Amino acid sequence: RNGIVLDTALTLRDEGISGYSGKHRENADRHALATFLELVHAGRIARGSYLIVESLDRLTREHIRPALTLLLNLIDNGIRIVQLLPIETIYDEAVEPMTLMMAIMELSRGHSESRMKSERGGRAWSAKRERAGRSGEVLTKRIPGWLRVENGAFVIHESAAAAVRRIYAMAI
């Protein structure tokens, strides 16, 4: 659209990576956004290139200051950020002040949502740990393969445990 050619030579994905703490911008060996940022700073992604994101909260969910700094640094490096939702918006060097204000609101919303989910999840796990401490209730169904849950208690799965014991014996 609009005479823009989509370059598919480089595809970077950070599926399942949280943008809440900012770690997704560190360690290019592990995180696609960190790789992208390194390529931008090295000049391997040309000024005028586009970064397309579903919404700004897919770029980052950090607190507003580092989130806004990330957005502005990309713009300063000549990267045009295209947000598809809630409305298609292009953030570039000519971004209007009101559009930038809307970006700040969107970035803030993403951070707030993540913070609330984290707090709720933390409270739920605290309650589960407390119940487990009182009653011996199993915290989660995700357990090592050499265990199983029977009548709400851990039971050793002997054939699997034998394999684990053998591995340790061989390692020793």
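The coordinates are above.
Residues numbered from 1 in each chain as written. Predicted model: local features only at pLDDT ≥ 70, side-chain atom pairs only at ≥ 80, totals over all residues. Heavy atoms only, no water.

Turning next to the nonpolar core. Within the largest apolar cluster, 23 residues are counted, with the highest numbers of intra-cluster contacts made by Phe36, Leu71, Leu74 and Ile81. Of all the secondary-structure elements, those providing two or more residues to this core are helix H1 (32–41), strand S1 (50–53), helix H2 (56–59), helix H3 (64–76) and helix H4 (97–135). By residue number, the principal contributor to this core is H3, which donates six residues. (Core = buried A, V, L, I, M, F, W, Y, C linked by side-chain atoms within 4.5 Å. Buried < 20%, exposed > 50% of the residue type's maximum accessible area, 1.4 Å probe, protein only. Helix = DSSP H or I, 4+ residues; strand = E, 2+ residues; numbered from the N terminus.)

Enumeration according to the criterion identifies zero aromatic pairs in this entry. A cation over an aromatic ring shows up here: Lys128 above the ring of Trp125, its NZ or CZ 4.7 Å from the ring centre. (Phe/Tyr/Trp six-rings, centres within 6.5 Å; stacked < 30°, edge-to-face > 60°. Lys NZ or Arg CZ within 6 Å of the ring centre and 35° of its normal.)

Once that is clear, we can look at the environment of Gly48. Residue position: Gly48 is located in the loop between H1 and S1. When the C-alpha positions of Gly48 and Asn77 are compared, they lie 8.7 Å apart, and in sequence the two are 29 residues distant. With residues near it in sequence (within four places) discarded, Gly48 still touches Gly78 and Arg80. (Contact = heavy atoms within 4.5 Å.)

This brings us to H1. Within an α-helix, residues lying three or four positions from one another point in the same direction, as the helix has 3.6 residues per turn. Counting buried positions along H1 gives eight out of ten residues, so the element sits mostly inside the fold. For H1, the full list of buried residues reads Ala32, Leu33, Ala34, Thr35, Phe36, Leu37, Leu39 and Val40. Turning to H1, the residues buried within the fold contact S1, H2 and H3.

Another aspect to go through is the sheet that holds strand S3 (residues 89–91). Judged by pairing direction, the sheet is mixed, and its three strands sit side by side in the order S1-S2-S3 without closing on themselves. Pairing within the sheet leaves two strands with one partner each, and these edge strands are S1 and S3. Here the average twist between neighbouring strands, direction ignored, is 20°. As defined by bridge partners, strand S2 (residues 80–83) adjoins S3 across three bridges and the pair is classed as antiparallel. (Pairing = 2+ DSSP bridges. Axes fitted to C-alpha atoms, helices over the stretch in contact; angles between N-to-C directions.)

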